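# Descriptive analysis of the structure
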Amino acid sequence: MSIPQQELHGALLNLALAESFACVPSPTAYSVGSVIFLPRSGTQRIELGLSENNRSADALDELFDLLEPHFPVFRSGGLAEDGPAEESPSYGEKVQGLILSSSYSRAIEGNTHAEANALTLLERKISQLPLDVQKRVITATSTGEGEVTHQAVFQAILSRAWLYASMEPCSKRTSGLKSCTEAILASSLKRVYIVSRTR
């Protein structure tokens, strides 16, 4: 049985908050953390009220199985070590999903923000997945056939993923760079959860 959704969201928002503590403090910028999470189908079924015989949830199971060897597992008790769930040292805790990426403000050189950094790091990880895994991701998500590009695989995975941020994503950048809100809207992220909003 999956843990209650409020508890799951709280745990993942706490992970995003923990990422924010890795930021080098700046007197002119916020310190924000972000996590991109791929829920396992049972978690998704509860969240969306899907039946056990739902094709969307079955596709999510297949996607989860493809990506599990390449990303850290998140269990009801917290983050487990990288690698397959059965090799994880957690004892009897249910696998809730995968941590696809996590980051924080200024983690990537330049005036960078947490959400955009998490997306950038995930795109880099996806480009390193074996080609056969990338092809199977496209097939599992039914996003089309033909040439497999890293961008197509990235968007296919994001279309099933949730982003957690320790603060409301920025909507305007004084630096002229794309805002985090624009980056999120340009992606196919399924859901976004935040700890706090700015006023």
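All chains use their own residue numbering, which begins from 1 and follows the written sequence. Residue-level local features of this predicted model are given only where pLDDT is at least 70; pairs of side-chain atoms are given and counted only at 80 or more, and the full residue set underlies all totals for whole chains, interfaces and linings. Processing note: side-chain calculations cover all non-hydrogen atoms of the structure and skip hydrogens and water entirely.

### Observations concerning the environment of Glu 182
Rules: Comment: elements are numbered from the N terminus, with helices defined as DSSP H or I runs of at least four residues and strands as E runs of at least two.
Checked against the element boundaries, Glu 182 lands in helix α7 (residues 180-186). With twelve residues separating them in the primary sequence, Glu 182 and Cys 170 have C-alpha atoms 8.7 Å apart.

### Overview of the nonpolar core
Most often, soluble globular proteins keep nonpolar side chains buried together rather than apart. Our working definition: Buried Ala, Val, Leu, Ile, Met, Phe, Trp, Tyr and Cys residues form a nonpolar core when they are joined through side-chain atoms within 4.5 Å. Three labels apply to residues, based on accessible area from a 1.4 Å probe with only protein chains included: buried if under 20% of the type maximum, exposed if over 50%, partly exposed otherwise in between. Residue contacts follow a heavy-atom distance rule, with two residues in contact if any of their heavy atoms lie within 4.5 Å.
Core analysis: the biggest nonpolar cluster contains 32 residues, and Ile 36, Leu 67, Leu 100 and Val 137 have the highest contact counts within it. Put simply, the parts of the chain that give this core at least two residues each are β1 (33-39), α3 (55-67), β4 (95-104), α4 (114-127), α5 (131-141), α6 (150-158), β5 (162-165) and α7. Val 137 has contacts with Leu 63, Leu 66, Leu 67, Val 153, Ala 156 and Ile 157, leaving out every residue within four places of it along the chain. With eleven residues, the next largest nonpolar core counts Leu 13, Phe 37, Trp 162 and Tyr 193 among its residues.

### Some words on the layout of surface pockets
Rule in force here: A 1.4 Å probe that fits but cannot get out identifies a cavity on a 1 Å grid over protein atoms alone, an open set with protein on both sides within 12 Å along at least five of seven lines counts as a pocket, and a residue lines either if it has an atom within 4 Å of a point. Grid points are joined across faces, edges and corners, and a volume is the space filled by probe spheres set on the points. In the scheme used here, Gly and all other residues not listed as nonpolar or charged are polar, with Ala, Val, Leu, Ile, Met, Phe, Trp, Tyr, Cys and Pro taken as nonpolar and Asp, Glu, Lys and Arg as charged.
Considering only enclosed or pocket space, the largest pocket measures out at about 500 Å³ in volume. Residue lining of the largest pocket: 24 residues in total, with Tyr 30, His 113, Cys 170, Lys 172 and Arg 173 positioned closest to the centre. Elements represented by at least two residues in the lining of the largest pocket include exactly α4 and α7. Class assignment for the residues of the lining of the largest pocket results in eight nonpolar, ten polar and six charged. Every residue lining the second largest pocket is listed: Ala 116, Leu 119, Thr 120, Glu 123, Phe 154, Gln 155, Lys 178, Ala 183, Ala 186 and Ser 187. Listed by contribution, the elements that provide at least two residues to the lining of the second largest pocket are α4, α6 and α7. Per element, the largest residue contribution to the lining of the second largest pocket is four residues, and it comes from α4. Looking at the lining of the second largest pocket residue by residue, the classes come out as five nonpolar, three polar and two charged.

### Quick word on α4
As a reminder, the rule being used: To estimate the expected span of a helix, count its residues, drop one, and scale the result by 1.5 Å.
With 14 residues, α4 should reach 20 Å at 1.5 Å per residue; the first-to-last C-alpha distance of 20 Å fits that figure. Taken together, the buried positions of α4 are occupied by Ala 114, Glu 115, Asn 117, Ala 118, Leu 119, Leu 122 and Ile 126. Tucked into the core, α4 has its buried residues touching β1, β4, α5, α6, β5 and α7.

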